[in-house]
Structures are given as structure tokens and as C-alpha cells.
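Reading the structure
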Amino acid sequence: MQTYDAIVIGNGLAGAALSYELAKAGQSVLLMDDGSPHSGTRYSYGGIGYWAGTTDLTETLFRAGIERHRELPEELDADTQLRELDLLLTVEKGADIDDLKSGYASFRTPPQFVDAQTAHEIEPQLNPEAIDGAFTIRHAHVDPMSLVSAYNQAFRRLGGHHNISAVTRLVRIGNKITGITTEAQAYPAKNVIVAAGAYSLQLIGSVGLQVSLFFTHAEIVETEPLDFEVRAFVMPATNARIVIENKATDPQAWQQPNHQVMPPVLEAGIIQFKNKTARIGQISRFHTAYTPPVDPQISEAEMRQAMEQRMPALKDVPGSWRHCLVTFSQDGLPLIGPLPTVTGLHLFSGFTGPFALVPPVAQLYAKYISQSSDPLIEKMLLSRFTGV
Ligand SMILES: Cc1cc2nc3c(=O)[nH]c(=O)nc-3n(C[C@H](O)[C@H](O)[C@H](O)COP(=O)(O)OP(=O)(O)OC[C@H]3O[C@@H](n4cnc5c(N)ncnc54)[C@H](O)[C@@H]3O)c2cc1C
């Protein structure tokens, strides 16, 4: 049986990009995915906040991200539906605009404040009576599954193997991870790279290891094609989710089964895709269960109500409630690298802003795996938390 150079587990954005970059670097690669319809990538908005660098590292990576997205359609020979559009971060009535401005000042290219009427001119569907204004900046956008599919097709053209079945276990012999198993078969590999989103915790846990990876349960409404256009990418001008993510990383709280770590956050936002469907959202729940107790009807009603206030045309548009898991790390940087105490096992997950970050980081990580050094990758290694 073939021993692969690398087995990548998970065909969300992270696994799709990394498996392609490894194959391009000349490695023999097997990409495994369980085919679940609930990946974070499937229900993502696909926004590329390339302006959102706050440090030299994130500025460099976000800029590299948009450059990489511009190269990918030609390199992968597929349309990723990359486009530029206006991002509008709506300011709710009575919010402290100066406080929001000082929050955005930490970005190297901060979004600019505009009054409600100007926001309405940028996005005519927005009700100017419902907001006190908005912060705006140019943003980029791809269709998440077009990007994944573009990576997958190019990966297969390079000779990569793509198998749709769930990985049930990592194979550990002493201090070495030697491959994976599915219900049907075992596959040996020199390196196993876990890019399975929140399920990475389960897989890594199955060989007795732990990582500082956290997740939210995300809920959205996915609409049928709309008979009107929403030009801008609309999100609220609040960083409530990021603030709570920063507070929601107490490892002890996450060890309690079926436990709400922090209250849920509702962000009233919308993005319309080229096929006219839209994603309206989003509720993020900080809960230790992969499937927390949620009433889909209440969740959907809350999201619809919040968004219809800002965009009345959305009232009663046909749509369905969707849910998935989204990972994050303790410091907002990706959580990648070799696992300590074993050889042959890597994690590639925990990205905040993955649509900007994953394409360039996957490219760097594919080289790092064979060369074991890269100054940017070294700043994102998970050993920053374990110290090993
Ligand atoms: C509503 C919403 C809006 C978002 N908007 C943005 C945005 O605008 N910009 C941005 O950058 N990010 C955004 N995100 C976040 C982003 O979509 C996710 O963080 C990202 O797509 C995660 O990619 P991933 O590959 O790490 O994980 P996932 O997409 O979750 O992929 C993991 C894959 O692993 C598979 N898997 C799991 N277990 C196994 C197993 N045992 N065996 C085999 N396969 C397995 C799963 O089926 C899945 O396909 C958004 C997320 C949501 C939910």
C-alpha cells in the first residue's frame, strides 16, 4: 500500500488550499473528507478583509492574501467568483460613534465613517432611518465553494487523491502518527495534517493530545435567489463576537460537557452571491457541544427580525436555517504546526479571517513542512501556547 507524503483531513477552505499547495510542491497527497454538508466553509460569507491588518504580521499576510486571490483563478484555471465590493459596517441608533472610530483606528487602513444617507446611497436596500451611519471600506469576496472546488480540481490534476469518507481514527505507534483509518481501510502517511475545523479537536483528542482550539456554533439563513440586488457586504459595526472570542478561551470552561461558555452573539449582516442567493446572519453560540440546544425557528426569527429592520425588502424572503461550526484561537492568529510530543502530526486550523489568510499561509506551510523553517509560519505555530 502507498505511503503518502501527506494525508490532509478536511476539505473545507483550509484542507482544500493546503492539499493543493502540498501537491504543487511535489508531495504525494491524500485528501480525506467526510462529505458533511455542515462545514464552516459551506455556509461562509466568503469575505476577504484584506485591509484588516493590525500588526506587521497580519498586514503582510492580509496583503499576500488578496494578491494570492488575484493569482488563483488563472493558476487553478477556474472562476472563484472573486470581486471587490463595498463593506458597510452599520452603526446602530444611539451607538457611540467616537468609541467605534477609536476601535477601528487600530487597523492599518481603517474604514471611514459615513452618515446614514451616504450609507443608503452605497447600499440602496439599507433603511437610513434604522441606522446612525456606517463605516465603509473596499473589501473583496469569493464564492466559498467555487474556491474549494477550484483548489480540488487543480489538486487532482496534479495527481492528488481525494477520498470522500470520514476518518475514524489517527494511527499512533508509540510517539509517531503513522496514518489514518476509515471504517473501510487504513492509509499510511509520513505526515497527517488535521484541517477538520472544530472536529480537529476530536481527532487529535483520540490519540491523547490536546490543542488550544475553540469553536462557535454559527447559525444563518440562506435565502433563495432574491428578486432584488444587495450590492454591498453589510455587517454591524461592532466587534462583539471578537471581544467574546477573546474572553471565551478558558480551557476549564471548555472541558465541561454541554456547557454554554458565553452568551450568544447576534450580528445582523447580509451578503448576496452572484447567483442572487444571500446569507443572512449570524448567531454565534459559545457552547461546548458540537450540536448545542437551539430552537431553529427562534434562531431564524431573531436573525430575520434584526436584518429586516435595516433592510425592509428582506421581509419574508424564502430561505432556510443553516448551522455549522467555526474555529478560533486564543490570540486571533492561526493555530498551525506540528503537535508536540509526537512526530508526523500537524494541525492547520483556527483561522480568524481565513478567506484572506488561508491561501497565502497554505502556500507558506507547504514549504515549511519540508524545510522546517519560515519566519512568518514560526509566529503562528501552536507551540506558542504549549511552549514545546
Ligand atoms: C456565517 C459565516 C460567515 C463567515 N464569514 C466569513 C468571512 O466573511 N470571511 C472569512 O474569512 N471567514 C468567514 N467565516 C469563517 C470561515 O468560513 C471558516 O472559518 C472557514 O471556512 C473554516 O474552514 P476550515 O477548512 O478550517 O473548516 P471547515 O470548513 O469546517 O472544514 C472542515 C472539514 O473537515 C471535514 N471533517 C470533519 N471531521 C472529519 C473527519 N473525521 N474525517 C474527514 N473529514 C472531516 C468537515 O466535513 C469539513 O468539510 C464565516 C463563517 C460562517 C459560518
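Residues numbered from 1 in each chain as written. Predicted model: local features only at pLDDT ≥ 70, side-chain atom pairs only at ≥ 80, totals over all residues. Heavy atoms only, no water.

**Here we look at the overall build of the chain**
- Counting secondary structure elements, the chain contains twelve helices and 17 strands.
- Here the C-alpha atoms of the chain give a radius of gyration of 21 Å, agreeing with the 21 Å that 2.2 N^0.38 yields for 388 residues.
- Summarising its shape, the C-alpha atoms of the chain cover approximately 65 × 45 × 40 Å along the three principal directions.
- Out of the 388 residues in the chain, the part that is buried amounts to 54%.
- Taking as baseline every contact in the chain between residues at least 6 positions apart, the subset at least 24 positions apart corresponds to 73%. (Helix = DSSP H or I, 4+ residues; strand = E, 2+ residues; numbered from the N terminus. Rg over C-alpha atoms; globule rule 2.2 N^0.38 Å. Buried < 20%, exposed > 50% of the residue type's maximum accessible area, 1.4 Å probe, protein only. Contact = heavy atoms within 4.5 Å.)

**Brief notes about helix 2 (residues 56-76)**
- The terminal C-alpha atoms of helix 2 lie 29 Å apart, and with 21 residues this matches the ideal 30 Å at 1.5 Å per residue to within 8%.
- At R70, helix 2 shows its largest bend, some 30°, and a proline, P73, comes one to four positions later.
- Restricting attention to buried positions, one finds in helix 2 the residues L57, T58, L61, F62, G65, I66, R68, H69, L72 and L76.
- The positive-phi residue at the C-terminal boundary of helix 2 is D77, with phi of around 60°. (Expected span 1.5 Å × (residues − 1). Bend = angle between axes of the 7 residues up to and from the residue.)

**Remarks on the site of the ligand**
- Close contacts around the ligand come from 33 residues, with D33, D34, T41, G47 and F355 the closest.
- The backbone of L13 places a nitrogen or oxygen atom 3.2 Å from an oxygen atom of the ligand.
- One of the side-chain nitrogen or oxygen atoms of T41 is found 2.5 Å away from an oxygen atom of the ligand.
- Protein contact buries 91% of the 1,000 Å² of open area that the ligand shows by itself.
- Those elements giving two or more residues to the shell around the ligand turn out to be helix 1 (13-24), strand 11 (214-223), strand 15 (319-328) and helix 10 (354-371).
- For the shell around the ligand, the residue count by class is 18 nonpolar, 13 polar and two charged.
- Split by domain, the residues of the shell around the ligand number at least three in each of domain 1 (4-78 + 144-212 + 332-386) and domain 2 (83-141 + 214-328). (Near = heavy atom within 4 Å. Polar contact = N/O pair within 3.5 Å; in protein donor to acceptor, adjacent residues only side chain to side chain. Areas by Shrake-Rupley, 256 points an atom, 1.4 Å probe, with all protein chains shown as cover. Nonpolar A, V, L, I, M, F, W, Y, C, P; charged D, E, K, R; others polar. Domains from an automatic or database assignment.)

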